[in-house]
Each structure stands twice: as C-alpha cells, then as structure tokens.
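Descriptive structure summary
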Amino acid sequence: MVNFKQITVKDIAKEVKDNCLLGIPADYSGVPMSVTTEIIKNNTKGLRLYCLPLTTIQGDMLIGAGCVNEIETAAVTLGEYGQAPRFQDAIENSKIKIKDSTCPALHAQLQATEKSVPFMPLRGILGSDLYKNRNDWSVINNPISSKTNDEKIVILPAVQLDILIFHASKADVNGNVQIGRRRELATLAHASKKVYVTVEEIVDEDFFDCELKAAATLPSLYVDGISLSKNGAWPCGLTDYYEIDSNEMSKYAKSAKYQETFDEYMRNFISQNYYSNI
Amino acid sequence: MSEIFQSEIIISEITNLLKNDKHVAIGAASPIPGSAALLAQEERKNTNSKLQVTILHSQKFNNFTDGSRELFDASAQGRIDTFFLGGVQIDGEANINLVGTGTYPKLNKRFSGSFGSALMYFVVPKIILFREEHTPRTLVKKVDFISAPGTSPSNVFRPGGPKYLITNKALFSFNKKDKNFKIEKINPDFTLDEVIKSTGFEFKTNKNLKFFTMPSKKRIDILRDLIAPKVLNFYPQFAKKIWFN
C-alpha cells in the first residue's frame, strides 16, 4: 500500500527543462542513468550541470549528446576507466563553458543555500588559477577578529539548483528515501527547487518507525516525485545492490573517444531499452 | 620470495613516510598510496601508536558518515595528518596542475580537474605528491595551470603543504622556505644524471643520497598475504595487475 502517486522515469525526464541548472551526484552517490537516457532521448538543450563534486559517465554522455552548455565541477572522469573523452573534446574545442572548481567549494556553495545566507567562506583556493578564472568568487579580509593581521579568505556565492535527480536503493510507503551515509544527497536536495528520485524498490514500511533507518533517510518533504527503476544506476554501481559494470564502462570509454563512435554507441544504448518501468 | 615488483618498492617507501601519523586519508585513484597506508596500519597493529586509515573509495575503510564534505571539514580541522595528491604537471615550486596542458580554458589536452586539491594542499600538514611517471612532461619548470599553489604568503591560513614528492625514479623532500625540492633517495635502476635529465626543474641533492630501500621479506609477506586482498576490494584493476594476475 503506497501513500503517494508514483511517477515514471519519462515523467521525471520531462521535468528537466532546457537551460535549467541540474544537480549531478558523484559516482558513489546514486547516478540516475535511466533518467539520463530519457533526457538524451528528449533532446534537451542548454543544460547547466552542477556536480557534487564530480561526474562520470552521466556528465560525459550528456555532453557528448549535445545537451550541455555549461558545467561547474571539480572533475569529470571515468575513474579506473580513464579520462572522460566527450568532456575532454568539448573543452579542447570550446563547445561548452566550464566553471572549474574544487570539491569543498561545490559543497560550500550549496551549504550557503541550505542556510539561506548569500555566501560561504572557505579556506584554501588563494593563489590558484581556479580563483583567477572565477568572477563569481571574491576575497575578503577576515572581518571577525583574527590572530594574523590582514588574513585573506575566499567567499563563494550561494547556489540554488533548479532540479536534482538521483538514484537510490529504497523508498518507503510514504515517499521517504533511503540515502544511507551519502549525506551529500541531502545537501543537494536542500539546495534544489525540485527533487526527483528513482529507486530500486519501494518497501512496505515507514523508515521513521526505526531510529537507525530514519538517520539514513531523506524525508519526503524534500522529494517531489519518485519512480521505480530497477538497475537505474547501471552501468554505474549502487551500494549494497550491484557493482559497476566493468565491461560496459570499458566499452563506453572506448566508444566515446570519437564523436562518430560515441553517436553509434548511444544509438545502440538507447535502442536496447535496458531499463524497466520507463 | 618471488621477484619484488617496482610498485611494491614504492609502496614500501611510502609506508616509511607514514611513521608518526595518526590518520591518513586516501582520495580518488590512489591504489599505491592506499596499499601503503594499509600496510603501515597493519605493521603498527598491537602497538600504542595505532594508525587510522580512511579510504574514500571503499565502503569498509571509509570512516566518514556525514557525506563527502566530511573529508574536507575534518582536514580543515587538522584531523588528517597525511594526504596524497598527484598532478598532470608538478613544477619546481611544488605548484600542481590537475586541469590540463596548454592555455586555459581552451586547453590542448584537458584532464579531469582539480578535485579537492585547492583546499587539501593548504590544510593537511603532510602532503605527499605522488606521480609515477617521472619525465620532463610531468615534472616541469612551470605548470600551465595552478590547481593549488605549492606555497602561500603569510596572510593566508596554511598549516599544510607539500613535504615529499615520490616518483618511479626518486624521492624528494620539499623545503617551503626555499621553495625547492631536494632528492633524498633514488631508484637503483637509474643514475642521478638520468634523473636530472628527466626532471624539468632544478633540484638540490642530498649529500647523503640513498637508494630506494628494498622491502624486507616480512614486509612483503604482510603486503601480499594481508593487504593485497583488501586492495582487491576497492582498486580491483590495480590489485589484479600486480598480485592476482
């Protein structure tokens, strides 16, 4: 007995409008590949990706498919499968704009939005070329009493996402989502106007009946829609459910080297209909 | 004991650098530093100086429960003694570049990105730079892009920074006052002259220059019997290549 209206993967993909600022989870926190495939099928344009703090095949695919105008990230990489070829090509040929960042800055900008304050200070960064290339970042003198005179510190603007999509293991009957210790998903959700989640299963219980489960839960108050999507993170892995698919990742890494072979890979990828409950 | 692999010698050298640490953290794509940290931990078992190891890409060895920002928060608080960073390029003043080569932003060759380096390099007391490839294209006079600077002026909060650089050819220490590296140990397969030729920047030479130390049989046994199976869990490609082929 489910107490919320389930939607489909297609419904979620339709919420991703052209030019929106889309939150992207890291490779370890539930990559929403089934929705990503639908976004590509929809030929969505002008997306701005905000990665917390990096992206893997999801970002590379969206870039290769021509859906992306801009990316803010600390890294794009296929991990043990090498560099992200479509991302590299897009940067080397100025096809997309990049806001190069560093992991803690990507966290801090969302934390500012969580607290609804206009900016957040962060150590480090000074003297880097990251700072030089970021017009939206500033330096101030520490306004609170400081041991060293004239101490400089970087401030970063609050960033509000338009929409966040991630894949998780379970939702309960009341639409609460299990995120385990992947608390960065909560940070992303708190800082996003809309949040959609795909899950492996919907279980017949309420996570708030158990304190241990409640501590690992993103409450439904932050969630705008849930769809079942078995193997929805594939070929990425999902903690406690499945490992990354080495064969598919190697195949992707090879195919994505050139635009032509990437296009062919994507035609095949889409026509296979890997995902159920679309 | 069968033949000792080059990677095992580097793991052993890194293990020696972790002697007095309480907490070592291991970031993305770092199988050799990860193996070294677990080896150091194992060797210090049953002593009074336990070593905490956090490996981010492992479920079991990741000690954090507050999301991926906890690494950076814990580091800024001084709770991590040693962290490892690499680089597409590393220069003679220990500036590191993880972004790419050429003129930013339209680079000739783009690499993944700066990860957490722009904070970690400032706040972790002992940063060990690790780059296996030791050539004039990786160790350069001046990096094309500074992901994180090697040193900072006095009005910047900087309890941390580079202490060592280790490659497949040599181990260097870094002096932040003089802003330069000094070679401390050399791989016996190479001469000092060869190392100088394959390094794009000038460095000092320790008068008492040593060779990489061959790991003892006891250490190799621990590494192969106890550490390798753990590494297989979170760096499978690497572990298979070295130990399980």
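In this text the structure is predicted, and so the values were computed from the model without any measurement.

Another point: the overall build of chain B. When helices and strands are counted, chain B shows seven helices and 13 strands. The C-alpha radius of gyration of chain B comes to 18 Å, within 12% of the 18 Å expected for a compact globule of 245 residues. For chain B, the C-alpha atoms occupy an extent of roughly 45 × 45 × 35 Å along the three principal directions. When burial is assessed residue by residue, chain B has 58% of its 245 residues classed as buried. Sequence separation of at least 24 residues holds for 67% of the intrachain contacts in chain B that already meet a minimum separation of 6. Distance between charge centres in chain B, computed from 35 positive and 23 negative side chains, equals 3 Å.

In a beta sheet, neighbouring strands are held together by backbone hydrogen bonds and run either parallel or antiparallel to one another. Residue and element names in this part refer to chain A. Strand order in the open sheet formed by three strands is β7-β9-β8, with antiparallel pairing between adjacent strands. Two strands in the sheet have a free side with no partner beyond their single neighbour: β7 (119-122) and β8 (138-141). Each strand of the sheet is rotated relative to its neighbour by a mean of 40 degrees, with strand direction disregarded. Looking at chain direction, β7 and strand β9 (residues 152-157) are connected through four bridges and run antiparallel. When the bridges of β9 are listed, Leu-122 appears paired with Val-154. Strands in contact with helix α5 (residues 103-115) are β7 and β9; relative to β7, the strand with the most contacts, it is inclined by about 145 degrees.

This part is about helix α3 (residues 57-64) of chain A. Residues and elements named next belong to chain A. Most of α3 sits inside the fold, with eight of its eight residues counted as buried. Buried residues of α3: Ile-57, Gln-58, Gly-59, Asp-60, Met-61, Leu-62, Ile-63 and Gly-64, and no others. Positive backbone phi, approximately 80 degrees, marks Gly-66, located one or two places after α3.

Another aspect to go through is the pairing of strand β3 (residues 82-85) of chain B. Residue and element names in this part refer to chain B. Burial along β3 is two-sided: the face carrying Thr-82 and Phe-84 and the face carrying Phe-83 and Leu-85 are both buried. By the bridge criterion, four bridges tie β3 to strand β8 (residues 126-130) in an arrangement that is parallel. Along β8, the bridge assignment pairs Leu-85 with Leu-129.

Once that is clear, we can look at the domain arrangement of chain A. How large an interface is tends to be reported as the accessible area lost when its parts come together. All names here are of chain A. Domain annotation of chain A identifies domain 1 (9-102 + 159-271) and domain 2 (119-157). Centre-to-centre separation of domain 1 and domain 2, based on C-alpha positions: 31 Å. Contacts between the two partners involve six residues from domain 1, matched on the other side by six residues from domain 2. Across the interface of domain 1 and domain 2, roughly 480 Å² is buried in total on both sides, 57% from carbon and sulfur atoms. Two residues, Asp-136 and Lys-99, come together in a salt bridge whose shortest N-O distance is 4.0 Å.

Taken together, the contact pairs 42 residues of chain B with 46 residues of chain A. Taken together, the two surfaces of chain B and chain A that pack against each other cover about 3600 Å², and 52% of this comes from carbon and sulfur. For Arg-110 of chain B, the salt bridge identified is with Asp-100 of chain A, shortest N-O distance 2.7 Å. Only β7 (109-110), α4 (117-123) and α7 (236-242) of chain B provide two or more residues apiece to the side of chain B that touches chain A. For the side of chain B that touches chain A, the leading source of residues is α4 of chain B, giving five residues. In terms of residue class, the side of chain B that touches chain A is made up of 21 nonpolar, 15 polar and six charged.

The rules behind the values
For every chain, the first residue of the written sequence is number 1, and numbering continues from 1 along that sequence. Following the order in which they are written, the chains are lettered starting with A and the ligands numbered starting with 1. Only residues with pLDDT of at least 70 get local features here, since the model is predicted, and only at 80 or more are side-chain atom pairs given and counted; chain-wide, interface and lining totals rely on the full set of residues. Values shown for side chains rest on all heavy atoms present in the structure; no hydrogens or waters enter the calculation. Only DSSP runs of H or I with at least four residues qualify as helices, and only runs of E with at least two residues qualify as strands; both kinds are numbered from the N terminus onward. Note on method: radius of gyration uses C-alpha positions; expected globular size equals 2.2 Å times residues raised to 0.38. For each residue, the accessible area found with a 1.4 Å probe, counting protein chains only, is set against the maximum for its type, and the residue is called buried under 20%, exposed over 50%, and partly exposed in between. Two residues qualify as a contact provided that any one of their heavy atoms is within 4.5 Å of a heavy atom in the partner residue. Here Asp and Glu are counted as negative and Lys and Arg as positive; His is not counted, and neither are the chain ends. Charged groups are reduced to one reference atom each: NZ for lysine, CZ for arginine, CG for aspartic acid, CD for glutamic acid. In this analysis, strands are considered paired if DSSP registers two or more bridges between them. Note on geometry: axes are lines fitted to C-alpha atoms, helical ones only across the stretch in contact, with angles between N-to-C directions running from 0 to 180 degrees. An automatic or database domain assignment is the source of the domain bounds shown. Note: buried area is the sum, over both parts, of the accessible area (probe 1.4 Å) each one loses when the two are combined. What makes a salt bridge here is a side-chain nitrogen of Lys or Arg within 4 Å of a carboxyl oxygen of Asp or Glu, nothing more. Under the grouping applied here, Gly and all other residues not named as nonpolar or charged are polar, the nonpolar ones being Ala, Val, Leu, Ile, Met, Phe, Trp, Tyr, Cys and Pro and the charged ones Asp, Glu, Lys and Arg.

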